[in-house]
Structures are given as C-alpha cells and as structure tokens.
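# Tertiary structure, described
This is what each chain is made of:
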Amino acid sequence: MKKESLLESLVNLLLPLALIFGLVLILNINVGKIETTEVSKIPLESWLKLIVGYLAATAEIAAALVIGLAVIRGIVYYFRQIFARSRQHFDSTEVVRLQLGRSLALGLEFTVASDILRTAVAPTRQDILNLAAIVLLRTLLNYFLEREIKLVEQTHSTSRENITSANLERIE
C-alpha cells in the first residue's frame, strides 16, 4: 500500500511538471518563416475545409453552451439553497463547485476537439505546434480540475460515511 501511494504521489508530481515542460518547449520552438496558405490544388480540399470549419464552430458552440448552462444552473442552485429554510446551504458551495468543475472539464474537451478539427485539413508546421501547445495547456488544466474534483468527492463521501456511522451508533 505504501509503495502504491509513493508511486501515486510521484506521478502526481511528475505529470504536471512534464506537461508544463512540454508546453514551454513547444512555445519556444521557432518555426522560422511563416508558411502562407496557397490556393488548394485539390478541388475537394476547399470543401473539406469548409465542412470541418462548420464542425469546429459547432464544437465551440457546444462548449460555450455546456459551460454557460452550468454557470446558470450553479447560480440558481446556490441561491435556492441560500434562501431555503433548511440550514444545509454550507454544503451547497461544494456541490456547485463539483457540478461546475465537471462541466468545465466537458467544455475543455469540446474546445480541444474544435482545435483538432481546425488543424485536420492540410495543417502547416506552425498549426501543428500551436495545436500541441493548446492541447497540452488544456490537458494540464483538465488534469488539475479532475484531481480537485476527485479530492472533494472523496472528502465528501468520507464525511457522509462518518455521519452515517455516528447516526447508527446513536440509534443503537
């Protein structure tokens, strides 16, 4: 058990550092001359670019909707708990944070999909480097977000178990 926790803590330390290091390396790569896009010699490529552009825009709209609706839902839920007659609103902040965190993670996935779609058709070297930097940055954000969500959920489930066991002991 101790070996697993040591390995897990080492991964938790090294993974973000590796992602940050990779991001810094990618951002420091100087491509040199910027390639200009020339008129496509393949007739279907322009149609493909148009279709992929619409798909990428759809993915960005989906990300905005997911995040926007999560924010509105969180605000409504939070105010509903504040003005409720019960005094359980101290826990509502954590519930709102967890719901918003999950929605932000989903929104990040949609934006990564959008960026991948935008560079799918005839990418230049600079497009690929930009995509790598964006994906690494969003992966880093998503990693920390998921880690915090898991930590809060574990804390929340542990406190629920403690409350349940205390109530059972009181009943007996």
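Given the structure is predicted, the values throughout are model-derived calculations rather than measurements.

## Regarding the overall build of the protein chain
When its secondary structure is counted, the protein chain shows four helices and zero strands. Along the protein chain, helices and strands appear, N-terminal first, in the series α-α-α-α. Across the 172 residues that make up the protein chain, the buried fraction comes to 23%. Entry remark: accessible area of the protein chain is about 13,100 Å², with carbon and sulfur atoms responsible for 67%.

## Brief notes about the nonpolar core
In terms of nonpolar packing, the biggest core is built from seven residues, these being Leu 19, Leu 23, Ile 26, Leu 129, Ala 133, Leu 136 and Leu 140. Secondary structure elements with two or more residues in this core: α1 (2-28) and α4 (125-171). With four residues, the top contributor of residues to this core is α4. Among the nonpolar cores identified, the runner-up in size contains five residues, and Leu 98, Leu 145, Ile 149 and Val 152 belong to it.

## Examining the pattern of salt bridges
Counted by the stated rule, this structure contains two salt bridges. Note that Arg 118 and Glu 60 form a salt bridge whose closest N and O atoms lie 3.2 Å from each other. Separated by 58 residues along the polypeptide, Arg 118 in helix α3 (residues 92-118) and Glu 60 in helix α2 (residues 43-82) bring together distant segments of the chain. According to the relative accessible area criterion, Glu 60 is partly exposed, its value standing at 34%.

## A word on the confidence of the model for the protein chain
Looking at the protein chain as a whole, the pLDDT averages 78, with 79% of positions reaching at least 70. Across the protein chain, element-level confidence peaks in α2 with a mean pLDDT of 90 and bottoms out in α1 with 75.

## Examining the environment of Arg 138
Along the polypeptide, Arg 138 turns up in helix α4. Taking the C-alpha atoms as reference points, Arg 138 and Val 112, separated by 26 residues in sequence, lie 7.4 Å from one another. Not counting the four nearest positions on each side in its chain, Arg 138 is found in contact with Leu 108, Thr 111, Val 112 and Asp 115.

## Focus: the packing of α2 against α3
It is at 8 Å that the axes of α2 and α3 come closest, and there the two elements cross at 175°. With respect to their mutual orientation, α2 and α3 come out roughly antiparallel. A per-class count over the contact of α2 with α3 returns 20 nonpolar, 10 polar and three charged.

Reading the values: the criteria
- Residues numbered from 1 in each chain as written.
- Predicted model: local features only at pLDDT ≥ 70, side-chain atom pairs only at ≥ 80, totals over all residues.
- Heavy atoms only, no water.
- Helix = DSSP H or I, 4+ residues; strand = E, 2+ residues; numbered from the N terminus.
- Buried < 20%, exposed > 50% of the residue type's maximum accessible area, 1.4 Å probe, protein only.
- Areas by Shrake-Rupley, 256 points an atom, 1.4 Å probe, with all protein chains shown as cover.
- Core = buried A, V, L, I, M, F, W, Y, C linked by side-chain atoms within 4.5 Å.
- Salt bridge = Lys/Arg side-chain N within 4 Å of Asp/Glu carboxyl O.
- pLDDT = per-residue confidence, 0-100.
- Contact = heavy atoms within 4.5 Å.
- Axes fitted to C-alpha atoms, helices over the stretch in contact; angles between N-to-C directions.
- Parallel < 35°, antiparallel > 145°, perpendicular 65-115°, else oblique.
- Nonpolar A, V, L, I, M, F, W, Y, C, P; charged D, E, K, R; others polar.

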